[in-house]
Amino acid sequence: TTLEEFSMKFPLQNIEVFPHVAYDSVNITALRNGILNDESIQDEYITTLIDKSTRFNYTGYSLDLFPNDDELGYIQYADGQSYADFVDKFSGRLHKIGKQLRVYAEPGDLFSNIELLTQTSVDLIITQAYEYKIDIGQFRDKLFFALHHVKKEKLVDTPPFTILQD
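My aim in this report is to walk through the structure given alongside it, one point at a time. (Residues numbered from 1 in each chain as written. Predicted model: local features only at pLDDT ≥ 70, side-chain atom pairs only at ≥ 80, totals over all residues. Heavy atoms only, no water.)

Helices and strands together make up the secondary structure of the chain, namely six helices and seven strands. Burial statistics for the chain: of 166 residues in total, 43% are counted as buried. Taking contacts inside the chain between residues at least 6 apart in sequence as the whole, the part at least 24 apart equals 75%. For the chain, the exposed area adds up to about 9,500 Å²; of that, 52% sits on carbon and sulfur atoms. (Helix = DSSP H or I, 4+ residues; strand = E, 2+ residues; numbered from the N terminus. Buried < 20%, exposed > 50% of the residue type's maximum accessible area, 1.4 Å probe, protein only. Contact = heavy atoms within 4.5 Å. Areas by Shrake-Rupley, 256 points an atom, 1.4 Å probe, with all protein chains shown as cover.)

Quick look at the structure:
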């Protein structure tokens, strides 16, 4: 059963629903040729998700996008800027209909650049350590980096399952 099928059978009332839109294995070149730099693709993508959010009464979306380098290129600072611009556009369109956008970010990541994302209209930045095991010093550094750049009202941190002691 998909979330859409479920929400048709059991209307999602009085709870917040943020479908998790995740792309784990997309390469950076595909994104550059798509939602990062092509306005018509951006508009179609955003319109499709907005239509679904209205039809199924979603509160908004949680966007979790972490591309991979590929044989045609490495992730650059400019990709992070393009992503922040896309996120700002998506968030702005959602806000016009009373919906929200949450984005996942990795402290220090060029693509999900926290410094750039804080300059957007995104409602919440969710940080997490993507390593399954991280030492306490690395976790502390990543958390302090996020706290330095994001207002605590707009920040959620999801610690890793296992934190190793120094």
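A few words now on unusual backbone geometry. Positive phi outside glycine occurs at Asn57, with the angle close to 60°. In this structure, Asn57 sits in the loop between helix H3 (39-55) and strand E2 (60-65). Note on Asn57: relative accessible area 43%, which makes it partly exposed.

Ranked by internal contacts, the top residues of the largest apolar core, which has 33 residues, are Leu63, Tyr83, Phe86, Val87, Phe90, Leu101 and Val103. The set of elements that each furnish at least two residues to this core consists of helix H2 (28-32), H3, E2, helix H4 (77-96), strand E3 (100-105) and helix H5 (114-117). When near neighbours in sequence (up to four residues on either side) are disregarded, Val87 contacts Leu63, Leu101, Val103, Leu117, Thr120 and Val122. (Core = buried A, V, L, I, M, F, W, Y, C linked by side-chain atoms within 4.5 Å.)

Right, let's talk about the environment of Arg102 for a bit. Topologically, Arg102 is positioned in strand E3. Excluding residues within four positions of it along the chain, Arg102 makes contact with Glu16, Phe18, Tyr61, Ser62, Leu63, Val122, Leu124 and Ile126.

Further remarks concern the side chain of Ser112. For Ser112, the position within the fold is in the loop between E3 and H5. For Ser112, a relative accessible area of 0% corresponds to the buried category. At a separation of 3.0 Å, a polar atom in the side chain of Ser112 contacts the main-chain amide nitrogen of Glu106. Once residues lying within four places of it in the same chain are set aside, the contact partners of Ser112 are Phe66, Tyr83, Tyr104, Ala105, Glu106 and Leu117. (Polar contact = N/O pair within 3.5 Å; in protein donor to acceptor, adjacent residues only side chain to side chain.)

Counted by the stated rule, this structure contains five salt bridges. Beyond isolated ion pairs, a larger network of salt bridges with shared partners links Glu39, Asp43, Lys89 and Arg93. (Salt bridge = Lys/Arg side-chain N within 4 Å of Asp/Glu carboxyl O.)

Everything listed here is a matter of geometry and, on its own, says nothing about what the molecule does.
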